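So the chains spell out like this:
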Amino acid sequence: MQSNSFDVIRVPTHGPGDVSGLMALVGGGALEPSSILAVLGKTEGNGGVNDFTREYAVAALCNALSSHLKIAPREVEARIAFVMSGGTEGVLSPHMTVFARSRLPEGADERVSEKRLSVGIAHTRDFLPEEIGRDAQIGETAKAVEAAMRDALIDAVCDVHFVQIKCPLLTAERVKEAAARGKTVVTASSYASMGYSRGASAIGVAKALGEIGADVGEGRLLKDWSLYSSVASCSAGIELMHNVVILVGNSRFSSSPFKISHAVMRDAIDLPAVMRALESVGLSALDAPSQSRLVNIFAKAEASPDGAIRGLRHTMLDDSDINATRHARAAVGGLIGGVAGTGAVYVSGGAEHQGPAGGGPVAVIARV
């Protein structure tokens, strides 16, 4: 089977429309545009329904890359998996992580003695508004995750360490369109629909990877918090009606100089879990050589649904000025940034069925 080589590059941004760092890599010959497989970014929006920084960032990337790829801007999204997550509260710094894949020539065998980082992408079909947060989204996501595994040439689910999904949400217009066809949506609240979409996507990941039973359906969504994926990271946005999947793991068919591993945070202050994730790829916190090898850390953040962390009350769920997801991103971002030595880490809010209730997965990519 043909082997691959992967590159992973973290690029700081000055705003959601800033592509100068990426274009400098392209112009300097450090990055071949045709090799770009996926771009995962953090933008400085509010992370809510009306966060248009995500769409703006994707549009800027498509426009910048289209001439290099010799295709129309609208066609770039079909070729490259773009996932933009809004919200850089606290010390979090806007940036993007670029994943590039080069196919090694047929007959070439540059595989190393251990499994190395590999990336696969997939897209679901577009969903109807009434399918968001329901069995249709769960099932289609599971199929897309399986397709992304095949694309990454990963043959064991234990080698999958991070599955990033961008999923749609409901707007008043989409709810009205469904009603006009006599259909009922899972919720009429645009904000609540983000949680349903993220949760359904995470359940789809868990089913595809065998983390939960194949019979689990929408009836237990946002109800049974014992059901979760230990590697799913889902972000909802207004800019699409399908799911985009970026799956990252380690493969015996990769000659990448990088590795990925993960741990699961049980709550927003679970520093030992972050340390375990770092140590699993040979890194130590606050150690200069380790920080030079660190590419990025990816984590989910969630306010504990029972209003307490380790028995002590928190007020994230009761703040009328700042949504709980924004509090959680800032808290987890500060925790991880402190041990990573940088605020340019990927922390996404809203962790429904992504790790245990109040916690979430944390994955680390490092240069070997």
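This text goes with the structure placed above it.
Here's a quick rundown of the structure.

Reading guide: rules and limits
Residues numbered from 1 in each chain as written. Predicted model: local features only at pLDDT ≥ 70, side-chain atom pairs only at ≥ 80, totals over all residues. Heavy atoms only, no water. Pairing = 2+ DSSP bridges. Helix = DSSP H or I, 4+ residues; strand = E, 2+ residues; numbered from the N terminus. Axes fitted to C-alpha atoms, helices over the stretch in contact; angles between N-to-C directions. Contact = heavy atoms within 4.5 Å. Parallel < 35°, antiparallel > 145°, perpendicular 65-115°, else oblique. Left-handed = near helix turned anticlockwise from the far one by under 90°. Nonpolar A, V, L, I, M, F, W, Y, C, P; charged D, E, K, R; others polar. Core = buried A, V, L, I, M, F, W, Y, C linked by side-chain atoms within 4.5 Å. Buried < 20%, exposed > 50% of the residue type's maximum accessible area, 1.4 Å probe, protein only.

## Structural notes on the sheet that holds strand β9 (residues 258–265)
Across the sheet, four strands lie side by side as β9-β14-β10-β13; this open sheet has mixed pairing. Whereas interior strands pair on both sides, the edge strands pair on one side only; in this sheet they are β9 and β13 (346–349). Each neighbouring strand pair of the sheet contributes to a mean axis angle of 10°, computed without reference to strand direction. The pairing of strand β10 (residues 294–301) with strand β14 (residues 360–367) spans five bridges and is classified as antiparallel. Pairing of F298 across the sheet is with A363, part of β14. Docked against the sheet, helix α7 (residues 271–279) engages β9, β10 and β14, running at close to 160° with respect to β9.

## As for the packing of helix α1 (residues 20–27) against helix α2 (residues 53–69)
Remark: α1 packs on α2, axes separated minimally by 10 Å, with the N-to-C direction vectors making an angle of 15°. As summarised for this structure, α1 and α2 are arranged roughly parallel, according to the angle between their axes. Between α1 and α2 the crossing geometry is right-handed. Contacts between α1 and α2 involve L22, M23 and V26 from the former and L61, A64, L65 and H68 from the latter. Grouping the constituent residues of the contact of α1 with α2 by class yields six nonpolar, one polar and no charged.

## Section: the nonpolar core
In terms of nonpolar packing, the biggest core is built from 28 residues, with L278, I297, V332, I336, V362 and V364 touching the most fellow members. Sorting the residues of this core by element identifies β9, α7, β10, α9 (324–340) and β14 as the ones contributing at least two each. The element that contributes the greatest number of residues to this core is α9, accounting for six residues. Not counting residues up to four positions away in its chain, the partners in contact with V362 are S261, H262, A263, M265, A273, V274, A277, I297, F298, A299 and I336. Counting 26 residues, the second-largest nonpolar core is a separate cluster that includes A122, A148, I165 and C234.

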